[in-house]
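Architecture at a glance
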Amino acid sequence: MSRRAMEQPRRITDSFPRRRRRGPGRPPGRLKNKKDKDKDKDEVQLKVRDCPRAPSQPPPDPALMEMLRRFDLSWEYGPCTGITRLQRWERAQELGLSPPGLIRDALLEHRDNPDVTYSLWHEYEL
Amino acid sequence: MFSEQAAATAQGLLAPPSAEPPTFPRVAVSGYSDCSQPFQLGERSFARQYAHIYAVRLAGMRPGLERRARSRWGNDVVLRRLSELQEGEKCCVVGTLFKSMQLQPSILQEISEEHNLVPQPPLPKYIQPSDELILEDELQRIKLEGAIDVQRLVTGTIVAVYGCEQDDGRFLVEDHCFADLPPPLPWSGPSSDRYVLLASGLGLGSVSGEALLSTQLLVDVVTGQLGAEGEQSCAAHITRVILAGNLLSQNTQSRDTINKAKYLTKKTQAASVEAVKMLDEILLQLCTSVPVDVMPGEFDPTNYTLPQQPLHRCMLPLASAYATLRLVTNPYQASLDGVRFLGTSGQNISDIFKYSSMDDYLEILEWTLLAGHISPTAPDTLGCYPFYKSDPFILTECPHVYFCGNAPHFQSKLLQGKEGQRVLLLTVPDFSATQTACLVNLHDLSCQPITFSSFGADSEDGDMELEH
């Protein structure tokens with residue numbers, strides 16, 4: 001212990017986990033989950049960074065994206081907000097509206113690309 | 001059921017106790033299967049709009065309605081969507097009804113600061129002569145007028161209307177039809193008399209304890225602890241008890257603790273805690289003797305939106321030790337001895353009652369069966385989970401017994417359909433108000449009320465009566 005004290009002045013707070021500095025509007029009751037929140041933030045960032053760089057599939061071409069957008073906007077298959085495109089395709093299939101199988105193949109091929117799986121209005125809440 | 005066989009053996013009560021008291025084994029349970037999987041929600045996500053449930057409802061019921069329209073108005077009737085309507089052409093349109101009501105409580109009006117309005121007090125009925133009916137399909141909507149009863153219908157019903165569009169943009173209805181009775185289920189009921197007891201609205205935890213004695217009498221009758229040998233042998237034919245909602249009283253719902261200061265409410269506990277303890281003790285007595293299905297109701301500690309999920313078994317520690325206790329969802333569907341039961345705790349019927357001119361609970365129950373949907377007003381005025389894949393409230397098969405709980409009176413009717421459907425429509429009365437339960441005979445779909453009254457105000461000799 002005394003050797004360490006001679007090398008560098010160590011503080012008790014060095015053993016505490018690192019926190020990101022937030023603005024003054026930080027809600028007071030969140031001290032317990034701060035560690036988890038930071039961990040989640042790191043994980044989420046890692047995930048987003050990984051997806052487009054995944055070398056397993058090439059990015060989908062614009063024609064495919066245009067076809068998916070048209071699938072979203074076609075009124076025959078019902079509302080498109082709030083559910084993934086695959087869920088909407090399967091619902092249309094069960095109701096007997098015969099959606100084109102090409103779209104399902106494309107959705108399954110690019111399953112981990114959020115631009116493909118989620119609908120056009122995904123960024124907007126509800 | 002009880003009076004015919006009981007009277008003969010009444011003398012047995014005055015005789016000295018016999019060496020070997022007779023035993024009556026309860027009729028064995030055979031063939032129970034729970035069919036309420038569509039009403040059980042697993043993981044719930046509320047990040048969706050209600051447009052999905054309406055779209056699925058229309059898409060799901062459209063084929064059936066088109067078939068009905070062809071059979072009613074001829075095979076060559078023109079079926080059009082609203083976007084394809086031509087003025088003056090007689091055609092048939094299938095769509096969802098929307099009733100725009102002036103008195104309908106609207107949250108936007110309540111919080112609107114410009115109007116400075118006091119929130120509207122709850123009324124028994126919200127209908128007015130100025131209400132209008134509008135038909136909506138996937139893309140457009142059109143106002144309806146003509147041979148269609150605006151006061152009677154409610155929002156959310158899928159209907160097929162026959163008529164023509166007029167030059168002022170309204171649709172003149174000459175005739176309309178609903179989905180009608182769903183296809184029948186094969187009948188495989190029991191060969192001997194078997195009874196199911198239905199009761200609802202036990203109302204535990206209320207301020208007055210008048211109904212508690214009647215509840216105890218009900219439990220005693222079912223477990224065979226009441227009456228002479230005749231009554232006990234009759235009670236042995238009861239194979240199941242279904243409690244259709246509102247096990248707790250409305251008094252347990254008081255939210256004073258939210259408005260009062262913290263120091264006043266620190267030591268108080270919710271009124272529902274005591275009431276659930278009482279419920280647990282009553283269910284324990286019942287479960288030791290007969291299988292019980294417990295459905296949650298409007299005032300019970302479970303979620304508010306339909307379909308209500310089963311009560312959690314941790315609230316009933318004594319009774320859930322028995323396998324005879326089944327905690328089930330609010331629209332409840334099960335096959336008991338080959339007879340299909342389908343029923344709710346009454347929220348759907350009372351919601352239609354508020355927004356329609358129909359006054360009779362049995363009439364509303366029959367109307368929901370003919371409209372092909374258990375609760376058309378969900379999600380407009382009745383809370384509902386935002387389904388997106390399919391609407392579980394659409395009736396796909398015709399049940400044999402269709403009941404609703406917490407009705408003001410006992411009423412029953414045997415409905416015969418054109419395709420051989422036979423449905424017993426049953427409104428189970430509120431037990432805390434009427435002290436009446438229902439006995440359904442699974443053999444011939446007959447039904448009788450059973451009333452437990454005690455020490456009535458006008459009764460002079462203070463006798464306990466068990467009458468029906």
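Described below are features of the structure shown in this document. Treat the numbers as computed from the prediction; the structure is a model and nothing was measured. (Residues numbered from 1 in each chain as written. Chains lettered and ligands numbered in written order. Predicted model: local features only at pLDDT ≥ 70, side-chain atom pairs only at ≥ 80, totals over all residues. Heavy atoms only, no water.)

Quick notes on the overall build of chain A
For chain A, the count of helices and strands is 6 helices and 0 strands. For chain A, the succession of helices and strands along the chain, N to C, is α-α-α-α-α-α. For chain A, buried positions account for 21% of its 126 residues. Pairs at least 24 residues apart make up 41% of the contacts formed inside chain A by residues separated by at least 6 positions. (Helix = DSSP H or I, 4+ residues; strand = E, 2+ residues; numbered from the N terminus. Buried < 20%, exposed > 50% of the residue type's maximum accessible area, 1.4 Å probe, protein only. Contact = heavy atoms within 4.5 Å.)

Description of the nonpolar core
Residues and elements named next belong to chain B. Membership of the largest hydrophobic core comes to 52 residues, with the highest contact counts inside it found for Leu144, Val161 and Phe171. Ranked by residues supplied to this core, first place goes to helix α10 (residues 361–371) with 7 residues. In this structure, this core is formed jointly by two domains, domain 1 (2–8 + 23–42 + 183–256 + 267–370 + 394–451) and domain 2 (50–104 + 124–177), each of which donates at least three residues. Once residues lying within four places of it in the same chain are set aside, the contact partners of Leu144 are Leu97, Leu133, Leu135, Val161, Phe171 and Val173. Within the second largest apolar cluster, 35 residues are counted, among which are Ala199, Leu217, Val276 and Leu316. (Core = buried A, V, L, I, M, F, W, Y, C linked by side-chain atoms within 4.5 Å. Domains from an automatic or database assignment.)

Thoughts on unusual backbone geometry
For the peptide bond that leads from Leu306(B) to Pro307(B), omega is -10°, which places it in the cis range. Along the chain, the position of Pro307(B) falls in the loop between β9 (292–295) and β10 (325–327). Here the residue pair Ala378(B) and Pro379(B) is connected by a cis peptide bond, since its omega of -5° sits within 30 degrees of zero. For Pro379(B), the location among the structural elements is in the loop between α10 and β13 (401–407). Positioned with a positive phi, Ser98(A) is a non-glycine residue whose angle comes to about 45°. Within the secondary structure, Ser98(A) is located in the loop between α4 (85–94) and α5 (101–109). Unusually for a residue other than glycine, Asn246(B) sits at a positive phi of about 50°. Turning to its location among the elements, Asn246(B) is positioned in the loop between β8 (238–244) and α6 (256–259).

A look at the sheet that holds strand β12 (residues 339–344) of chain B
Residues and elements named next belong to chain B. Taken in spatial order, the 6 strands of this open sheet run β1-β11-β12-β13-β15-β14, and their pairing is mixed. Since the sheet does not close on itself, it has two edges, and those belong to β1 (32–34) and β14 (411–416), each with one partner. Here the average twist between neighbouring strands, direction ignored, is 20°. As defined by bridge partners, β13 adjoins strand β15 (residues 422–429) across 5 bridges and the pair is classed as parallel. Each residue of the ladder has a partner; that of Val401, found in β15, is Leu424. Contacts between α10 and the sheet are confined to β13, β14 and β15, with β15 contributing the most and set at about 140° to the helix. (Pairing = 2+ DSSP bridges. Axes fitted to C-alpha atoms, helices over the stretch in contact; angles between N-to-C directions.)

These figures capture arrangement, not role.
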